[in-house]
Amino acid sequence: MRAGLVAGGAARVFVEALGARRDARRGLALAAPALLWTAAFFLLPSGAIVLWSLFRREGAELVTDPSLDNYRRFLDNDSFRLAMWNSIEVTLLVTVLSVLLAYPLAWAIANRVAPARQRLWLMLAVLPFWTSYVVRSYAWLLVLAPEGVVNRALMALGLAREPLALSFNQGATVTGFVHFFVMLCTLTIYASLVRIDPRLRLAAADLGASGAQTFLRVTLPLSAPGVAAGAFLTFVICIGDYVTPQILGGNTQLLLPQVILLQISRRADIPMAAALSVVVLLLVTAAYLALARWLTTRRA
Amino acid sequence: MMAALARHGTAALVMGPLFAFIYLPVAVLVLFSLHAGSVPVPPFEGPSLHWYRAVLDNDRVTGAAWNSLLVGVLSSALATLLATLAAWGLARHRVPGARALEALLYLPLAVSYLVIGVGLLVAFSTAGIGKSLWAVGIGHVVLNLPLAFAVVYGQCDPGQARLEQAARDLGASEAQVFTRVTVPLLRPAILSAFLLSLTFSWDEFIVAFLLSGFDPTLPVVIWGMLRTGLNPATNAAGTLVFLVSLAAGMAFELFLVGRRAR
């Protein structure tokens, strides 16, 4: 009797387990095409980059004995190292400026615009996001060039006697970048600001907190995920972008992506380009680890 | 009254300068696309549609626009299809290690486009696959799959599972459940994912630059136009590209907002 119950229970567990396995297989089968595509065209190429970074070019020949020569060259070569430091400097500056400018904008939309119109204002705030990034950098050139709009305006107003050097330098690169990433960060920060329960702020006020205290102790900490998400996306896209510095930055202070493209197009040195790409990946990983505390992959 | 004024005052004080900064380059781009002179700098002369005519008569530009559209539509359709199947599979079935699989699908978002492009360049040249629009399309599916997956996955809610179960109880096969229940329920999300992918593919430069060979996409051709310096033709081409993206972006916004409003 008891044995029969136990056997029945065991059978049911077994059937359920079978069902769960079939369910898991079905789910996996549906996800398989996307997973295989990612494996074939993302993981495999990433592995290929690491592998090729261990090869090296000697003259016109490709030497495939694995070695760390490219990395040694990276550490020994001043222009490579300088490009990395330039990249880190520009990217950190852009990330900080973008968050500092985006926060008040996102805050104003979330707190000073009627709820029904917030969506519209947010859309307006990020509308130029849809310009292609090649075109966007070119548009900044129109603004900042020696005979561009800003210089012409300054001279017409008598504020400058000759055109200021606003383009073809690192300042122009930073300006072009910040323009794009202010819009991106406004989106992520706004998203976390509107998720804050307004009753929390009322409670803080009831407990005697001033406006500034409420902001610093309630609003700011609760919007940290939006800030972190915006900062991380800014870092990843900014440190890998070739177009903005190439159009706006001039040729004096190259960034890592420009040096990578130089290896490919000018020298056909794919192994060195691969090694420098690994350096970019390592920098992105460092940024991720720094921000990981606040980055959550919650489902919306 | 004073309080309301103060509220609007701070809002204007904060938003005014930032909006000016955000719109300045776009305004200059569009304004000088209508310039009659041959260098797009002040003082403005015009308006004239001369440079739009010049761009639309340029076979290289229009050919590249068709290439961009072709790559965009095909790669976005494929990315959306793969993303929808994966989202459905992972949201409705209990797959062991689902978190890790999700993380793998999102991973390309955390890697710079340049690195993904260099990786594909290296992998394709190792495998003996030449540069072509197909190679660009494969790359664009990689770039857009995580975004499309995020959009569709975010809209798979448990309430839909009950409707699917009801269809199954009424005798529908799995394929019927998917095409007659799941896809209609997810249609706004699927369309959003497609449109978002399309705008990103349409604008994408670095992967196309590395992989397109002799058949360039529009951003690559515009890149080539920059070599002539400041040129109203580039303004006109840039404005046209912007308008197409804007239309797709607005459509994306409407589908997603329409979905949320329900």
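Bear in mind that the values here come from a model prediction, so they are computed numbers and not experimental data.

Q: Mind showing me how you'd approach the overall build of chain B here?
A: The helix and strand inventory of chain B stands at 11 helices and zero strands. When its C-alpha atoms are laid out on the principal axes, chain B stretches across 70 × 70 × 30 Å. Counting only residues that meet the buried cut, chain B has 53% of its 262 residues in that class. Working note: accessible area of chain B is about 11600 Å², and carbon and sulfur atoms make up 70% of it. Distance between charge centroids for chain B: 8 Å, based on 15 positive and 12 negative side chains.

Q: Teacher, can you tell me more about the side chain of Ser167 of chain A here?
A: If you trace the backbone, Ser167 of chain A turns up in the loop between α6 (149-156) and α7 (170-194). On the basis of relative accessibility, which here comes to 9%, the residue Ser167 of chain A falls in the buried class.

Q: Please explain the pattern of salt bridges as it appears in this structure.
A: Pairing between side chains of opposite charge can happen when the charged atoms of each approach one another. In total, this model carries eight salt bridges over all chains according to the counting rule given. Here Arg73 of chain A makes a salt bridge to Asp269 of chain A, at a shortest N to O gap of 3.4 Å. With Arg73 of chain A in helix α2 (residues 69-76) and Asp269 of chain A in the loop between α12 (256-265) and α13 (270-291), the pair connects residues that are 196 residues apart, well separated along the chain. Given a relative accessible area of 34%, Arg73 of chain A falls into the partly exposed group. Relative accessible area serves as the criterion here: at 6%, Asp269 of chain A is assigned to the buried category. The salt bridge involving Arg92 of chain B is made with Glu164 of chain B; its shortest N-O contact spans 2.7 Å. Of this pair, Arg92 of chain B sits in helix α3 (residues 59-92) while Glu164 of chain B sits in helix α7 (residues 158-169), and the two are 72 residues apart along the sequence. Each member of the pair, Arg92 of chain B as well as Glu164 of chain B, carries the same accessibility label: buried.

Q: Help me out: how do you make sense of the layout of surface pockets in this one?
A: Over the atoms, a rolling probe the size of a water molecule traces out where space has been left empty. Computed from the structure, the second largest pocket encloses a volume of approximately 340 Å³. Surrounding the second largest pocket, 13 residues form its lining, Gln246 and Ile247 of chain A together with Trp223, Leu226 and Arg227 of chain B being those nearest its centre. Looking at the lining of the second largest pocket, its residues break down into eight nonpolar, four polar and one charged.

Q: Is there a simple way to explain a nonpolar patch on the surface in this structure?
A: On the surface, a cluster of nonpolar side chains totalling about 250 Å² of accessible area is made up of Leu120, Trp121 and Leu124 of chain A. Among the structural elements, Leu120 of chain A can be located in helix α4 (residues 115-125).

Q: Can you help me understand the confidence of the model for chain A in this one?
A: When pLDDT is low, close inspection of the predicted coordinates is not appropriate. Per-residue pLDDT for chain A averages 89, and the proportion of residues at 70 or more is 95%. Per-element confidence in chain A is highest for helix α3 (residues 78-112) of chain A, whose mean pLDDT is 95, and lowest for helix α1 (residues 2-53) of chain A, whose mean pLDDT is 84.

Q: Can you walk me through the confidence of the model for chain B in this structure?
A: Confidence in the prediction of chain B, expressed as mean pLDDT, is 88, and 95% of residues score 70 or more. No element of chain B has a lower mean pLDDT than helix α11 (residues 232-261) of chain B, which averages 80, and none a higher one than helix α9 (residues 206-211) of chain B, which averages 95.

Q: Teacher, can you tell me more about the interface of chain B and chain A here?
A: Interface size is often expressed as the accessible area that is lost when the parts come together. Listed as interface residues are 88 residues of chain B and, on the opposing side, 76 residues of chain A. Summed over both partners, the interface of chain B with chain A buries about 7400 Å², with 79% contributed by carbon and sulfur atoms. When the area that chain B buries against chain A is broken down by residue, the three leading residues are Phe21, Ile22 and Leu114 of chain B, summing to 8%. Counting across the interface, chain B meets chain A through zero salt bridges. The tally of links from chain B across to chain A stands at nine residue pairs in polar contact (both at pLDDT 80 or more). Among the elements that line the side of chain B that touches chain A, the one with the most residues is helix α1 (residues 2-33) of chain B, at 16 residues. In the side of chain B that touches chain A, the residues fall into 64 nonpolar, 15 polar and nine charged.

Q: How do you make sense of the packing of aromatic side chains when you look at a structure like this?
A: A ring pair, where both rings are aromatic, is described by two values, the distance of the centres and the angle of the planes. Residues and elements named next belong to chain A. Here the structure, examined in full by the defined rule, presents 21 aromatic pairs over all chains. Ring geometry for Tyr103 and Phe215: centres 5.9 Å apart, planes at 85°, overall edge-to-face. Linking Tyr103 in helix α3 with Phe215 in helix α9 (residues 211-222), this pair joins segments that are 112 residues apart in sequence. Taking relative accessible area as the criterion, Tyr103 reaches 10% and is therefore assigned buried. Joined through ring pairs, the aromatic side chains of Phe129, Trp130, Phe177, Phe180 and Phe181 make up one cluster.

Q: Help me out: how do you make sense of empty space enclosed by the protein in this one?
A: Per the stated rule, a full pass over the model turns up three cavities of 30 Å³ or more. The calculated volume of the largest cavity comes to roughly 50 Å³. If you trace the largest cavity, you find it lined by Gln170, Thr173, Pro245, Gly249, Gly250, Gln253, Leu255 and Gln258 of chain A. Reported here for the second largest cavity is a volume of approximately 40 Å³. What lines the second largest cavity is Phe41, Phe42, Pro45, Ser46 and Ile49 of chain A together with Val115, Ile116 and Gly119 of chain B. Among the secondary structure elements, those contributing two or more residues to the lining of the second largest cavity are α1 of chain A together with α5 (113-127) of chain B. Among the elements that line the lining of the second largest cavity, the one with the most residues is α1 of chain A, at five residues. When its residues are assigned to classes, the lining of the second largest cavity shows six nonpolar, two polar and no charged.

The rules behind these values
Residues numbered from 1 in each chain as written. Chains lettered and ligands numbered in written order. Predicted model: local features only at pLDDT ≥ 70, side-chain atom pairs only at ≥ 80, totals over all residues. Heavy atoms only, no water. Helix = DSSP H or I, 4+ residues; strand = E, 2+ residues; numbered from the N terminus. Buried < 20%, exposed > 50% of the residue type's maximum accessible area, 1.4 Å probe, protein only. Areas by Shrake-Rupley, 256 points an atom, 1.4 Å probe, with all protein chains shown as cover. Lys, Arg positive; Asp, Glu negative; His and termini not counted. Charge placed at Lys NZ, Arg CZ, Asp CG, Glu CD. Salt bridge = Lys/Arg side-chain N within 4 Å of Asp/Glu carboxyl O. 1 Å grid on protein atoms, 1.4 Å probe; cavity = no way out; pocket = protein on both sides within 12 Å on 5 of 7 lines; lining within 4 Å. Points joined across faces, edges and corners; volume = space filled by probe spheres on them. Nonpolar A, V, L, I, M, F, W, Y, C, P; charged D, E, K, R; others polar. Patch = residues over 30% accessible without salt bridge, like charges linked within 9 Å, V, L, I, M, F, W, Y side chains within 5 Å. pLDDT = per-residue confidence, 0-100. Contact = heavy atoms within 4.5 Å. Buried area = accessible area lost by both parts, 1.4 Å probe. Polar contact = N/O pair within 3.5 Å; in protein donor to acceptor, adjacent residues only side chain to side chain. Phe/Tyr/Trp six-rings, centres within 6.5 Å; stacked < 30°, edge-to-face > 60°.

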